[in-house]
Amino acid sequence: MTSTEIYTTSAVDSDPPPQTRSKTSLFCPHCGHESAVTGDWTAEATEHSLQLRCPDCDTVVQQR
């Protein structure tokens with residue numbers, strides 16, 4: 001004889017958390033400052049690249 005077991009799951013438990021940040025945000029790995037790519041980062045052009053620096057601690061967060 002076999003038995004059938006029914007398990008219920010709530011869709012609420014498996015839903016991912018809501019997105020609270022934009023995908024275009026940058027984060028400073030040193031101090032945690034967060035802003036949009038076009039936000040308050042300090043842009044510094046060099047001969048071969050463009051660096052975006054954190055306005056709080058001057059860490060390079062992106063180099064293109």
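Parameters at a glance
- The numbering scheme is per chain: residues are counted from 1 as the chain's sequence reads.
- Side-chain atom pairs in this predicted model are given and counted only at pLDDT of 80 or more, local residue features only at pLDDT of at least 70, and totals for whole chains, interfaces and linings cover all residues.
- Remark: hydrogens and water are excluded; side-chain values derive from all non-hydrogen atoms of the structure.
- For the purposes of this entry, the term helix denotes a DSSP run of H or I that reaches at least four residues, the term strand denotes a run of E that reaches at least two, and both are numbered from the N terminus.
- We call two strands paired when DSSP finds no fewer than two bridges between them.
- Lines fitted to the C-alpha atoms define the axes, with helices restricted to the stretch that makes contact. Angles between their N-to-C directions range from 0 to 180 degrees.

Caption draft 1: Local environment of unusual backbone geometry. The phi dihedral of D58 is positive, around 70°, even though this residue is not glycine. Looking at the element boundaries, D58 is found in the loop between strand 4 (50-53) and strand 5 (60-63).

Caption draft 2: Region of interest: the pairing of strand 4. Bridge count for strand 3 (residues 42-45) against strand 4 is four bridges, and the pairing is antiparallel. Looking across to strand 4, one finds that T42 is bridged to R53. The hairpin turn running from strand 3 into strand 4, its antiparallel successor, is four residues long. With three bridges connecting them, strand 4 and strand 5 associate as antiparallel partners. Residue pairing across strands places R53 opposite V60, the latter belonging to strand 5. Following strand 4, the chain reverses through six residues before pairing antiparallel with strand 5; D58 in that reversal takes a positive phi of roughly 70°.

Caption draft 3: Expanded view of the sheet that holds strand 4. Read across the sheet, three strands follow the order 3-4-5 without closing on themselves; strand pairing throughout is antiparallel. Looking along the sheet, the strands with just one partner apiece sit at the ends: strand 3 and strand 5. Strand-to-strand twist in this sheet, taken as the mean axis angle between neighbours without regard to direction, amounts to 25°.

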